[in-house]
Amino acid sequence: MSLTSSTPRLGGWLLLPLAWLILTLLSSALVVVMYIGALFNPAWRELLFSHDHAFLVQWGLSLATSLAVWCYSAWVTWIFCLRSRRLPRHYIIWLLLTVVLALKTFAFSPVTDGAAVRTLLIALLAAAVLVPYFRRSRRVKETFVAP
């Protein structure tokens, strides 16, 4: 005799937001590795510490931001897999955070305008589609019920 749960499993369209979350988790992990890798490479470390204090502060803030995004993404992924009832609110916060970071990239980062606009448009599109889905979907309300 098998016991079945009354709550739906993670599947269907919920796999798309989970995939988006995991891709962001992996990309932020790579960014953190790149920042930390600069500390272990003697040539990069010398170049990093030869700049003025303002550059070092900006580099440190970028590392801290990347680490915070990675930690929050990992936690949101964890509660996503647990089907926690806290997930819809935190997933929406996480989506809005990615939009804010894309805006920061567009305004302040030394990347090409095309790459910055592409990043911003993808983040805006994801938020525009997934925020209403997480707010109104019956499937989301039935799936994320664990304490």
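The coordinates are above.
Note on numbering: residues in each chain are counted from 1, in written sequence order. Thresholds applied to this predicted model are a pLDDT of at least 70 for local features of residues and 80 or more for the giving and counting of side-chain atom pairs; totals over whole chains, interfaces and linings are not thresholded and use all residues. Side-chain descriptors were evaluated using all non-hydrogen atoms of the structure, hydrogens and water having been removed beforehand.

Undergrad: Report on the overall build of the protein, specifying residues and quantitative values.
TA: Each helix is a run of DSSP H or I of at least 4 residues and each strand a run of E of at least 2, with the numbering of both proceeding from the N terminus. Within the protein one finds six helices and zero strands. Of the regular secondary structure in the protein, the N- to C-terminal order runs α-α-α-α-α-α. In summary, the protein has a C-alpha radius of gyration of 19 Å against a globular reference of 15 Å for 147 residues, an excess of more than 25%. A principal-axis box enclosing the C-alpha atoms of the protein has dimensions of 65 × 35 × 20 Å. We call a residue buried when its accessible area falls under 20% of the maximum for its residue type, exposed when it is over 50%, and partly exposed in between, using a 1.4 Å probe and counting protein chains only. Each of the 147 residues in the protein was classed as buried or not, and the buried ones make up 31%. Based on C-alpha atoms, the radius of gyration is set beside the globule rule, defined as 2.2 Å times the residue count to the power 0.38.

Undergrad: A description of the pattern of salt bridges should follow, citing residues and the corresponding values.
TA: Whenever Lys or Arg places a side-chain nitrogen within 4 Å of a carboxyl oxygen from Asp or Glu, that contact is recorded as a salt bridge. Scanning all chains against the criterion turns up one salt bridge. The residue glutamate 142 makes a salt bridge to arginine 138 at a minimum N-O spacing of 3.4 Å. Taken together, the positions of glutamate 142 and arginine 138, both in helix 6 (residues 138-143) and four residues apart, correspond to about one turn of that helix. According to the relative accessible area criterion, arginine 138 is exposed, its value standing at 63%.

Undergrad: How would you sum up unusual backbone geometry? Please name residues and give values.
TA: The phi dihedral of arginine 83 falls on the positive side, at around 60 degrees, and the residue is not glycine. Considering the arrangement of structural elements, one finds arginine 83 in the loop between helix 3 (53-82) and helix 4 (87-108).

Undergrad: Which residues make up the side chain of serine 84, and what values go with them?
TA: Relative to the elements of secondary structure, serine 84 occurs in the loop between helix 3 and helix 4. For this analysis, residues touch if any pair of their heavy atoms sits within 4.5 Å. Ignoring anything within four residues of it in the chain, the contact list for serine 84 reads Ile79, Phe144, Ala146 and Pro147.

Undergrad: With reference to specific residues and values, describe a nonpolar patch on the surface.
TA: To count toward a patch, a residue needs a relative accessible area over 30% and no salt bridge; like charges are then connected within 9 Å, while nonpolar side chains (Val, Leu, Ile, Met, Phe, Trp, Tyr) are connected within 5 Å. Areas reported as accessible are Shrake-Rupley estimates using a 1.4 Å probe. Residue values count occlusion only from the protein chains shown. On the surface, Phe106, Val117, Leu121 and Leu124 cluster together to form a nonpolar patch covering roughly 330 Å² of accessible area. Looking at which element gives the most residues to the nonpolar patch, the answer is helix 5 (residues 113-136), with three residues. When you line up the elements, leucine 121 lands in helix 5.

Undergrad: Account for the packing of helix 1 (residues 15-40) against helix 2 (residues 42-50), naming residues and giving values.
TA: Axes here refer to lines fitted to C-alpha atoms; in helices the fit is confined to the stretch in contact. Angles between the N-to-C directions go from 0 to 180 degrees. Direction vectors running N to C along helix 1 and helix 2 enclose 95 degrees, while the axes themselves pass 5 Å from each other. The angle between the axes of helix 1 and helix 2 places the two elements in the roughly perpendicular class. Residues Ala38, Leu39 and Phe40 of helix 1 form the contact with helix 2, whose participating residues are Pro42, Trp44, Arg45, Leu48 and Phe49. Classes in brief: Ala, Val, Leu, Ile, Met, Phe, Trp, Tyr, Cys and Pro nonpolar; Asp, Glu, Lys and Arg charged; the others, Gly included, polar. Residues of the contact of helix 1 with helix 2, tallied by class, amount to seven nonpolar, no polar and one charged. Roughly parallel refers to an angle under 35 degrees, roughly antiparallel to one over 145, roughly perpendicular to one between 65 and 115, and oblique to any angle outside these ranges.

Undergrad: Account for the nonpolar core, naming residues and giving values.
TA: The term nonpolar core refers to a set of buried residues drawn from Ala, Val, Leu, Ile, Met, Phe, Trp, Tyr and Cys, joined through side-chain atoms within 4.5 Å. Residues Phe80, Leu87, Tyr91, Leu95 and Phe134 are the most contacted members of the largest nonpolar core, which totals 23 residues. The set of elements that each furnish at least two residues to this core consists of helix 1, helix 3, helix 4 and helix 5.

Undergrad: Tell me about the environment of arginine 45, residues and numbers included.
TA: Mapped onto the elements, arginine 45 comes out in helix 2. Along the primary structure arginine 45 and glycine 60 are separated by 15 residues, whereas in three dimensions their C-alpha atoms are 13 Å apart.

Undergrad: How would you sum up the side chain of serine 73? Please name residues and give values.
TA: Secondary-structure assignment places serine 73 in helix 3. What makes serine 73 buried here is its relative accessible area of 0%. Whenever a nitrogen or oxygen atom comes within 3.5 Å of another N or O atom, the pair is scored as a polar contact, on the condition that within protein one atom can donate a hydrogen and the other can accept it, and that pairs from neighbouring residues in sequence are kept only if both atoms are in side chains. Among the polar contacts listed, one links the side chain of serine 73 to the side chain of tryptophan 94, at a separation of 2.9 Å. In contact with serine 73, other than residues within four places in its own chain, are Leu21, Thr24, Leu25 and Trp94.

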